[in-house]
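# Structural features, examined
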Amino acid sequence: MPNKILSASLLYPSRAGATRLCAPSSLEARNFPREKVDRFDGFSTPGWRTFLPRLSRFSGTGILPENNLPALYERLGVLAGRPDVCVESLGNVKAMPIHLLRMPATGAGTKKNILICAGVHGNEPSGVSAVFELISEIQAKPHLRENFNFYILPCVNPYGFKTVSRRNENDVDLNRAFAASGQENEPEIDVVKPFFEKTSFDLVLDLHSALPKRDGYFVLHRSTLQLLGPAMENFGKAWPVLSNGSKPYQEEAPGICTSAPKGTLKDYLADQGCPHVITLEAPRALAFNERTKGLSRLAGSIIDEFAAQNKAIDSH
Ligand SMILES: [Zn+2]
């Protein structure tokens, strides 16, 4: 069993032999050159205005702030104190841990495994923040807690998250480096791959955000329309779904697209045999809090549909 008690050194790794007992200052996290960032780009598309009244309710709701590594560690520390979540480190990259959260199923019998990843691209922090919204949603739904083991990687690329960079410190896009056979793996991939290889997942969600030109949420998938069609339809009742073009992706249905395999985490796990691997894309044209809430809801909507369809299968 993973260590339930998250030590200070696990959350705040030591430097030069000194153990940190408190979070590094947020100034330290910001003391890096910033590149194009996943943040509010304005409501450039008229279609957004129809959603504004409903979305404004999310301002100032305690959402994990963007690209704030100390705040991320603090939030993980709070979760580690809960009886239903185990927080552990899979390993460090440059003294920054890559955390794994486990929420084991509470019911008896065979369980399915759901993996949620975020922060593969460090300049897309809405995914990292959405993880914590999603955990709250899962905790509030006993039927999900009973029937599924949840595995959560809240921040796969902590260096990128800290420095507001899409890429890691080696200037490599991790979401193009997962299937690089014959080449040396990137350090972050070396940390997470052993965990991926020893666990089989029934559903994988990888949280990202897309360019501001996208006018709604969408998914890139190695899954089925049977699962994603109802999930996206449900989500679209309250949130904007991509409607202004999906190129270079192939659109199968509103907000549901496929992409050519390019060494992504999605394609790596699908090739490993996971039947449903889905990349979720939030539109950067939305303000951060709204973008985060919508991303969490889209993930929740897919999980709800997956749970409903599995229940239907079980009762046959
Ligand atoms: Zn991304």
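What counts as what
Residues numbered from 1 in each chain as written. Predicted model: local features only at pLDDT ≥ 70, side-chain atom pairs only at ≥ 80, totals over all residues. Buried ≥ 20, exposed ≤ 12 C-beta atoms within 10 Å, placed from the backbone. Helix = DSSP H or I, 4+ residues; strand = E, 2+ residues; numbered from the N terminus. Pairing = 2+ DSSP bridges. Axes fitted to C-alpha atoms, helices over the stretch in contact; angles between N-to-C directions. Parallel < 35°, antiparallel > 145°, perpendicular 65-115°, else oblique. Left-handed = near helix turned anticlockwise from the far one by under 90°. Contact = placed C-beta atoms within 7 Å. Nonpolar A, V, L, I, M, F, W, Y, C, P; charged D, E, K, R; others polar. pLDDT = per-residue confidence, 0-100. Core = buried A, V, L, I, M, F, W, Y, C linked by C-beta atoms within 7 Å.

A few words now on the pairing of strand β2 (residues 96-103). β2 sits mainly inside the fold: seven of its eight residues count as buried. Of the pairings in the sheet, the one linking strand β1 (residues 86-93) to β2 comprises seven bridges and is antiparallel in character. Bridge assignment links V87 to a residue of β2, and that residue is L101. Linking β1 back to β2 in an antiparallel pair, the connection comprises two residues, with K94 at a positive phi of about 50°. Where β2 meets strand β4 (residues 148-153), three bridges bridge the pair, whose relative direction is antiparallel. Across the sheet, residue M103 finds its bridge partner in β4, namely F150.

Contact pair helix α5 (residues 126-139) / helix α11 (residues 288-314): the axes reach a minimum separation of 8 Å and the direction vectors enclose 55°. The pairing of α5 with α11 is recorded here as oblique in orientation. The two elements α5 and α11 meet at a crossing, and its hand is right-handed. Here S126, G127, S129, A130, E133, L134 and E137 of α5 lie close against α11, whose contacting residues are F288, R291, T292, K293, L295, S296, A299 and G300. In terms of residue class, the contact of α5 with α11 is built from five nonpolar, six polar and four charged.

Let us look at the environment of G109. Its location among the elements puts G109 in the loop between β2 and β3 (112-118). Counting along the chain gives 38 residues from G109 to N147, while the straight-line C-alpha distance between them is 8.5 Å.

Our next topic: the confidence of the model for the protein chain. When pLDDT is averaged across the protein chain, the result is 84; 79% of the residues are at 70 or more. Below pLDDT 50 for its whole length, residues 1-10 participates in 16 contacts with residues either more than four positions away or in separate chains.

Membership of the largest hydrophobic core comes to 79 residues, with the highest contact counts inside it found for I116, V131 and A299. The leading source of residues in this core is α5, at seven residues. Here A299 is in contact with I116, A130, L134, L205, L207 and L280, once residues within four sequence places are set aside.

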